[in-house]
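Below, each chain spelled out in residue letters.
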Amino acid sequence: MNVNQSAPPVPPFGQPQPVYPGYHQSSYGGQPGSTAPPTSYGAYNGPVPGYQQTPPPGVSRAPPSSEAPPASTAQAPCGQAAYGQFGQGDVQNGPSSTVQMQRFPGSQPFGSVPLAPVVSQPAVLQPFGPPPTSAQVTGQLAGMQISGAVAPALPPVGLGYALPPGSQMTGPPGPPPPMHSSQQPGYQLQQNGSFGPARGPQPNYGSPYPGASTFGSQPGPPQPLPPKRLDPDAIPSPQLNELPPQQKTRHRIDPDAIPSPIQVIEDDRNNRGSEPFVTGVRGQVPPLVTTNFLVKDQGNASPRYIRCTSYNIPCTSDMAKQAQVPLAAVIKPLARLPPEEASPYVVDHGESGPLRCNRCKAYMCPFMQFIEGGRRFQCCFCSCINDVPPQYFQHLDHTGKRVDAYDRPELSLGSYEFLATVDYCKNNKFPSPPAFIFMIDVSYNAIRSGLVRLLCEELKSLLDFLPREGGAEESAIRVGFVTYNKVLHFYNVKSSLAQPQMMVVSDVADMFVPLLDGFLVNVSESRAVITSLLDQIPEMFADTRETETVFAPVIQAGMEALKAAECAGKLFLFHTSLPIAEAPGKLKNRDDRKLINTDKEKTLFQPQTGAYQTLAKECVAQGCCVDLFLFPNQYVDVATLSVVPQLTGGSVYKYACFQVENDQERFLSDLRRDVQKVVGFDAVMRVRTSTGIRAVDFFGAFYMSNTTDVELAGLDGDKTVTVEFKHDDRLNEESGALLQCALLYTSCAGQRRLRIHNLALNCCTQLADLYRNCETDTLINYMAKFAYRGVLNSPVKTVRDTLITQCAQILACYRKNCASPSSAGQLILPECMKLLPVYLNCVLKSDVLQPGAEVTTDDRAYVRQLVTSMDVAETNVFFYPRLLPLTKSPIESATEPPAVRASEERLSNGDIYLLENGLNLFLWVGASVQQGVVQSLFSVSSFSQITSGLSVLPVLDNPLSKKVRGLIDSLRAQRSRYMKLIVVKQEDKLEMLFKHFLVEDKSLSGGASYVDFLCHMHKEIRQLLS
C-alpha cells in the first residue's frame, strides 16, 4: 500500500470495516487535515455525537459539553484527528492503542450476545476459535490470568497477574462514570468501557487529551456485511450506535496486567545492579544486559564475552527435544570492557607455547584436574590423561589444587590470552603489522554530494588516531590510497617524493597492483605527501562526468596489494551506486517489490552472482577484511554488495540520500569509530565442549571452510559469533558441561595471540531447572538470527510460522510439566520467560520478516546482515526500543529518566519523549507541550514553529536543554553506531515513522499488537496441550 495514496472511504465503527487481506488496517494517506469539515460519524473508538464519552484510563479529559473545545483542540472538529492523525493499523487513540478492541469484521448487533457479570474465575481464552458462547464471553479476557503457580515441590517459577474482584482503584479526575444498573453487580463501568475494577492513573503518562482520532477520510455509504470470517480479533461486540450511552461496553485485556518489559528491566536493575557479579559459581544466570553491573572474573568468562540461552542444560537429548529451548551461546571474543574491569592478562609460556591437551587440543584452563602429585593432568573436555612438562610442574595442596593456581591466569580466571609461537603463524613466520587501504569512489554522485571533499578533509586528521598497542607512541599500521570510478587510480605516497604520483589501471578484468614500493606507507614518515594527495583528490575529479562504477575489481586490487605486502589488513570502501560498468562483479537492478510475500521473496536476500562469494573466500585466505560505507540515492543491491564484508568479518554502513549538511555528523562519527577500534586480523576461532554436547551451527559475519573453524579476516569488539549446541551423548549432573572458545588472531601491532574464554554450565534432569535458568534476551538474539538466516532459503511466512510454533512448544512444555494444574483458560508463563511473547512478536513484526510499504529491499538486506552479528544488548534495544519521557523527572536529576512501554497509549501530548533502538533516535513532541519547554529546547515560541525533521537541537544555556542534549550524548555513547536524531511533531507526517517503533501496538504492515499476540500464543499453547 502506497503511503501517498488517498484513503478509501472508511465506514464508521458501528458499521462493518472493509477487510484487508489478513488484517484490518486504516489507510494513512490523504487524511483530512485539521481544517476538514466535521464528519457525521464518530471515529472508531472515538466519541459519537450525542453520546457522553469518558476518557481512556490514565488520560484525563475535560468533561464533555456543548461548548466550544478548549484552545488546544479548537482546530479539530468533533471526531477529527487531533491526536495521532496517522493510525497504526487499527490503532487509534480511543480507549487504548496498545490493545485492539476485539471484534468481528462485521460487528454483531447488540442483542446477539448477552453480557453476563464479570467473574474472577479464570476465563476460557479462545479468541481465534469458533464464536464464543455467552458463558465464554463472560470473563473472556477480563478474567484472563497470567499466573505461575508451580507444583509445591518447586519454588515459584511463574508469575501471577490477575485482577481480584472488588479491588477498586481510583480513576483519574473527571466526570464520574455512570453506574451500570442491572447487568454488572458490584462493578462500575470503567473509562475504557469495560467492566471490572477501575484502573488508577498509570505511571508516566496522562495529561489533557484533546480529542479522539478518526480513520482519516470521509465515511462512505454503509457496506453489506462481509462473510463471517474468524479473525484474531474475534470477540463479538455490540454496535456502538445502538447502545444507550452507559452501555458502550468493550472487552479488553488490561495492558498493565500482562508482563511488562520495563518492569522486568527495572526490577533486575534494583535487585542485581548494586552487587558485583562474581563468576566463580558454575551455571549462574548473569544480570540482564540492560543492568549496569561490575564483573569479577573468578574462573568463568564474563557475560560480556559469553551469554547463554540457558545456564542449566538438559542431561539428555530427549529432554532437550521435549523443551525445544535452543541451547546456544552468543560469544563476543574481543568485547570492550568498562574502564573499571581489567583486560585479559597476557601469558607468555616462551618457545614451548601454551599447554594443551594432547587429544582434543583444549587449552589449559581452571577446570583441568591435576593428579599424581601434579605430574599429570586430566583434560576436563575429553578426560585424556596428559603429562605436565617439567618447566610447568608445581606441587598440589591438600585439596588437590596447584599451589601456584592463583598466580597463573590460566588456572584461576575465565578469560586470558596466550602469546602464540611461530607454529601458530601462516607459513611458520611471524606476521607483519596490518595495513589500512582507503578506496574512494570518485564518480559523479560522490563528487556532487560533497562526500569526497568531506572524506579527504577528515582523513587528514583521522590518520593520527589509527589503533595502537598498549603504550606505543604511534600505530604500526601502514596506509594506502586508491580512487576509482570505471577505472582504478593508485597513488605512490613515498616519503621521499615531493608530490604524490598517480597510476591508472584501466584493465579491470585482470586486476593487478601497479606499484609495490610507496603504496603502503607509515603515516608519520609520509605525512606531507599524504596531506598533499588528500588536498588534490577533490580538485582532480571536480569536473568528472563519469557516473558508472566498478566494485569487485576494487576489492580485488586491495586484496592483491595486501598479498604483495605479505600482511593482513582492512579495506575501507566508500561507494555510491550500483556497479553497472563492464567488469567482473557487474550487477543489474533486480529490485522487485512484487516478490514480497511470494515464494521468490528469498531471492531478494540472496546475492545475484556467485562472484562475490569467491572473492570473499580469497580475501579471508589473505586476512583482508572489508568495511563498506554506502551512500546510495537509489537501489544498490545491498544483498550482493554486503557479501564480502559479511564473509570477511567486516561492517556495512549505509547513508541513503547522503547530504553533507544532514548526514555529516553521523558519517564522520561512524568513520572515526570504525578506523580507531581495536581489530584482530587473520583470525580463526574454535569452540570446544566437554563430552556430551558439541557445536553444530554458527551465526555471524565470518567464513567457514570446514565444520569447526570460524575464519575471520577481521574481528572487532562489536562483533559476535552465535553458536548452537546439540547433544551427542548423555550429560552428567555432577560434572556439568564446559565450553571453551579459543580465538587465534594478529593484533594491531602484528603480534600473534590466542584469546581463551571458558564457561561451566549446570546440567539438569528436571525441566523446571532448565526453565528457571534461561535468559530470554539471549534466546531472542538466537531466534532472530536463526530466522534472518532462514529467509535466504524459505518463504518469509514459513520462517515466521516456525518461530511461533517453537515459542508455543517451549511454553506448552513448561505448562504441561512444570506448572501446577489449573484451568485451561489461564496463560501460565515461566518467570524468566514471561517476556518471550512480547519480544518474539517484535522480531516477527520487524522489517525483515514483515516489511511495511515504505521499507526498501536494500533496507531489509541491510538490517538482515546487521542483526547477524549483533550482541544481546543490541538486539534487545533494536527489537524493543527504549521510550524515555523527558519532562517527567526533575531537571536537576542526573540519572536517566525511567522508560515507559513502547505503545502509543503511553504517550501524553503534553510531554516530550526520546525513543532509541540503537540505530535511530527520535524526539517526539506532543502538541500540548508547555510553551516554556518548547522555548527552552528549540528556542522558538510555539509548537507550530518547531521544524519537523530537525536533526540537531540548538545549544541553549538552560537546565532542560543541557539535560536533554546530555542524555542524547550518553545514549549515543552506549551504542556502536551513531544514532541520528529526528525531531517528530505530533500529527506530523514523520509520526508514521516514529509509530513504527511503538512495538506493543498493531503495526501498519499487519503485525499483531502485544495483547493480540499473547492471545494467539495462548491459543497455540492450548492446541498443543489438547
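Along each chain, residues carry numbers from 1 onward, in the same order as the chain's sequence is written. Where totals are concerned, whole chains, interfaces and linings use all residues; where local detail is concerned, this predicted model gives features only for residues with pLDDT of at least 70, and gives and counts side-chain atom pairs only at 80 or more. In computing side-chain values, all of the structure's heavy atoms are included and hydrogens and water are not.

## A word on the overall build of the protein
Put simply, the rule is: The way it works is that DSSP assigns letters per residue, a run of H or I at least four long becomes a helix, a run of E at least two long becomes a strand, and they are numbered from the N terminus. Any two residues whose heavy atoms approach within 4.5 Å at even a single point are treated as in contact. All accessibility values rest on the Shrake-Rupley procedure with a 1.4 Å probe; residue burial counts only the protein chains present in the view.
Across its full length, the protein holds 22 helices and 30 strands. Contacts in the protein between residues at least 24 apart in sequence constitute 75% of all its contacts with a sequence separation of at least 6. In the structure as shown, the protein presents an accessible area of about 39,000 Å², 52% of it carried by carbon and sulfur atoms.

## Some remarks on the nonpolar core
The test is simple: Nine residue types can take part in a nonpolar core, namely buried Ala, Val, Leu, Ile, Met, Phe, Trp, Tyr and Cys, and a core is a set of them joined through side-chain atoms within 4.5 Å. Throughout, exposure labels follow a simple rule: accessible area from a 1.4 Å probe, protein chains only, divided by the maximum for the residue type, with under 20% read as buried, over 50% as exposed, and the rest as partly exposed.
Grouped together as the largest cluster of nonpolar side chains are 141 residues, with contacts concentrated most on Leu488, Phe490, Tyr771, Leu849, Leu914 and Phe938. Per-element accounting of this core gives the leading share, 11 residues, to helix H15 (residues 796–817). Not counting the four nearest positions on each side in its chain, leucine 914 is found in contact with Arg882, Leu883, Leu884, Leu886, Leu921, Phe922, Leu923, Leu967, Ile968, Leu971 and Leu981. Core analysis: the next-biggest nonpolar cluster, separate from the first, contains 44 residues, Leu454, Ile477, Phe631 and Phe667 among them.

## Things to note about helix H19 (residues 931–938)
Every α-helical turn comprises 3.6 residues, leaving residues that sit three or four positions apart pointing alike. So the rule is basically this: Of all possible arcs, the one meant is that of the directions from the helix axis to the C-beta atoms.
Turning to H19, its buried residues are Val933, Val934, Leu937 and Phe938. Burial along H19 is one-sided: seen end-on, the buried residues are contained in an arc of 100 degrees. Among the structural elements, strand E28 (912–916), strand E29 (920–925), helix H20 (959–974) and strand E30 (980–985) are those in contact with the buried residues of H19. Phi for serine 939, located one or two positions after H19, is positive at around 60 degrees.

## Looking at the environment of phenylalanine 572
Examined against the element boundaries, phenylalanine 572 turns out to sit in strand E17 (residues 569–575). Expressed as a C-alpha distance, the spacing of phenylalanine 572 and phenylalanine 438, which sit 134 residues apart in the sequence, is 4.9 Å.

## Some points on the environment of valine 867
Locating valine 867 in the fold gives a position in helix H17 (residues 857–868). Between the alpha carbons of valine 867 and glycine 700 there is a distance of 8.6 Å; along the sequence they are 167 residues apart. Contact partners of valine 867, with chain neighbours within four places excluded, come to Ala784, Lys785, Tyr788, Thr875, Phe878 and Phe879.

## Thoughts on the sheet that holds strand E6 (residues 328–331)
This is how the line gets drawn: Two strands are counted as paired when DSSP detects at least two bridges linking them. Each axis is a line fitted through C-alpha atoms, taken for helices only over the stretch in contact, and angles between the N-to-C directions span 0 to 180 degrees.
The strand order across the open sheet built from 4 strands is E4-E6-E23-E21, with neighbouring strands paired in antiparallel fashion. Edge strands, defined here as strands with exactly one partner in the open sheet, are strand E4 (306–308) and strand E21 (693–699). Along the sheet, successive strands turn relative to each other by an average axial angle of 25 degrees, direction set aside. As judged from the 4 bridges shared by E6 and strand E23 (residues 721–727), these two strands associate in the antiparallel manner. For isoleucine 331, the partnering residue across the bridge sits in E23 and is valine 721. Seen against the sheet, helix H14 (residues 776–790) touches E4, E6, E21 and E23 and runs at an angle of roughly 60 degrees to E21.

## Description of the packing of aromatic side chains
Which entries qualify depends on this criterion: What counts as a ring pair is set by centres within 6.5 Å for rings of Phe, Tyr and Trp (its six-membered ring), and what kind of pair is set by the plane angle: stacked under 30 degrees, edge-to-face over 60, tilted for all other angles. Note on geometry: a ring has a charge over it if NZ (lysine) or CZ (arginine) is within 6 Å of the ring centre and within 35 degrees of the ring normal.
Tallied over the entire structure, the rule returns 29 aromatic pairs. Taking the centre distance of 5.3 Å and the plane angle of 15 degrees together, the rings of phenylalanine 631 and tyrosine 655 count as stacked. Here the residue phenylalanine 631 occupies a position in the loop between strand E18 (624–630) and helix H10 (638–641), and tyrosine 655 occupies one in the loop between strand E19 (652–654) and helix H12 (660–676), the gap between them amounting to 24 residues. Centre to centre, the rings of phenylalanine 658 and phenylalanine 667 are 6.0 Å apart; their planes meet at 85 degrees, and the pair counts as edge-to-face. For phenylalanine 658, a relative accessible area of 6% gives the class buried. Given a relative accessible area of 0%, phenylalanine 667 falls into the buried group. Through successive ring pairs, a cluster of aromatic residues spans Phe574, Phe629, Phe631, Tyr653, Tyr655, Phe658 and Phe667. When the ring centre of phenylalanine 293 is taken as reference, the NZ or CZ atom of arginine 304 above it lies at 5.0 Å. Positioned above the aromatic ring of tyrosine 653, the side-chain terminus of arginine 977 is 4.1 Å from the ring centre.

## Some words on unusual backbone geometry
A positive phi angle is found at serine 383, which is not glycine, with a value near 70 degrees. Take serine 383: its relative accessible area is 43%, and that puts it in the partly exposed class. Positive phi outside glycine occurs at asparagine 427, with the angle close to 55 degrees. The residue asparagine 427 is located in the loop between strand E11 (415–419) and strand E12 (435–441) in this model. The class for asparagine 427 is exposed, based on a relative accessible area of 70%.

## Re the side chain of threonine 640
Turning to its location among the elements, threonine 640 is positioned in helix H10. Each residue touching threonine 640, except ones within four places of it in the same chain, is listed here: Leu587, Arg590, Gln606, Pro607, Gln608, Thr609 and Tyr612.

## Considerations on the packing of helix H6 (residues 451–462) against helix H7 (residues 527–540)
Stated formally: Angle categories: roughly parallel below 35 degrees, roughly antiparallel above 145, roughly perpendicular from 65 to 115, and oblique for all the rest. Side-chain classes follow a simple rule in which Ala, Val, Leu, Ile, Met, Phe, Trp, Tyr, Cys and Pro form the nonpolar group, Asp, Glu, Lys and Arg form the charged group, and the remainder, Gly included, forms the polar group.
The geometry of H6 relative to H7 is characterised by a closest axis approach of 8 Å and an angle of 170 degrees between their N-to-C directions. If you check the angle between H6 and H7, you find them roughly antiparallel. Residues Val452, Arg453, Cys456, Leu459 and Lys460 of H6 lie in contact with H7, whose contacting residues are Arg527, Thr531, Leu534, Asp535, Ile537, Pro538 and Glu539. Of the residues that constitute the contact of H6 with H7, the class distribution is 6 nonpolar, 1 polar and 5 charged.

## Thoughts on the pattern of salt bridges
Our working rule: Within this document, salt bridges are pairs made up of a side-chain nitrogen of Lys or Arg and a carboxyl oxygen of Asp or Glu, the two lying within 4 Å of each other.
This model, assessed by the stated rule, comprises 49 salt bridges. Across the pair aspartate 716 and lysine 677 runs a salt bridge whose closest N-O atoms are separated by 3.3 Å. One end of the pair, aspartate 716, is in strand E22 (residues 710–716); the other, lysine 677, is in the loop between H12 and strand E20 (679–689), and 39 residues separate them in sequence. Taking the relative accessible area as the measure of exposure, lysine 677 reaches 8% and is therefore buried. Of the charged contacts in the structure, one is a salt bridge between arginine 694 and aspartate 728, with a shortest N-O distance of 3.6 Å. Taken together, the residues arginine 694 in strand E21 and aspartate 728 in the loop between E23 and strand E24 (737–746) connect sequence positions 34 residues apart.

## Some words on the confidence of the model for the protein
In plain terms, the rule: Note: pLDDT gives the predictor's confidence per residue, expressed from 0 to 100.
Across the protein, the average pLDDT comes to 81, with 75% of residues at or above 70. Note on residues 1–251: pLDDT under 50 across the span, and 558 contacts to partners over four residues away in sequence or across chains.

## What to know about the pairing of E20
Two faces belong to every sheet, and in a regular strand the side chains alternate between them. Burial analysis of E20 places 9 of its 11 residues in the buried class, the great majority of the element. Pairing geometry for E20 and E22, over 6 bridges, is antiparallel. Within E22, the residue paired with glycine 680 across the bridge is leucine 715.

## A short note on the sheet that holds strand E10 (residues 385–387)
Across the sheet, 3 strands lie side by side as E8-E9-E10; this open sheet has antiparallel pairing. At either margin of the open sheet sits one strand with a lone partner, and together these are strand E8 (369–371) and E10. Sheet twist, expressed as the average angle between the axes of neighbouring strands with direction ignored, equals 35 degrees. Examined bridge by bridge, strand E9 (residues 376–378) and E10 share 3 bridges and lie antiparallel to one another. Bridge pairing in E10 links arginine 376 to aspartate 387.

## Section: the side chain of arginine 755
Short version of the rule: Polar contact is the term for a pair of N or O atoms within 3.5 Å; when the atoms are in protein, one must be able to donate a hydrogen and the other to accept it, and sequence-neighboring residues count only if both atoms are side-chain atoms.
Along the chain, the position of arginine 755 falls in strand E25 (residues 752–764). A distance of 2.8 Å separates the side chain of arginine 755 from the side chain of glutamate 417, its partner in a polar contact. What arginine 755 contacts, discounting residues up to four positions off in sequence, is Tyr305, Pro333, Leu334, Pro344, Tyr416, Glu417, Cys741, Ala742, Leu743 and Tyr745.

## Concerning the state of the cysteines
Defined as follows: For the purposes of this analysis, a disulfide is any pair of cysteine sulfur atoms at a distance within 2.5 Å.
As enumerated under the stated definition, the model contains 0 disulfides in all. Left without a disulfide partner, cysteine 764 is nearest to the cysteine sulfur of cysteine 315, which lies 6.3 Å away.

## Side note on helix H22 (residues 1010–1025)
Rule in force here: To estimate the expected span of a helix, subtract one from its residue number and multiply by 1.5 Å.
Over its 16 residues, H22 runs 22 Å from end to end, which matches the ideal 22 Å to within 8%, given 1.5 Å per residue. By the burial criterion, the buried members of H22 are Tyr1010, Val1011, Asp1012, Phe1013, Leu1014, Cys1015, His1016, Met1017, His1018, Glu1020 and Ile1021.

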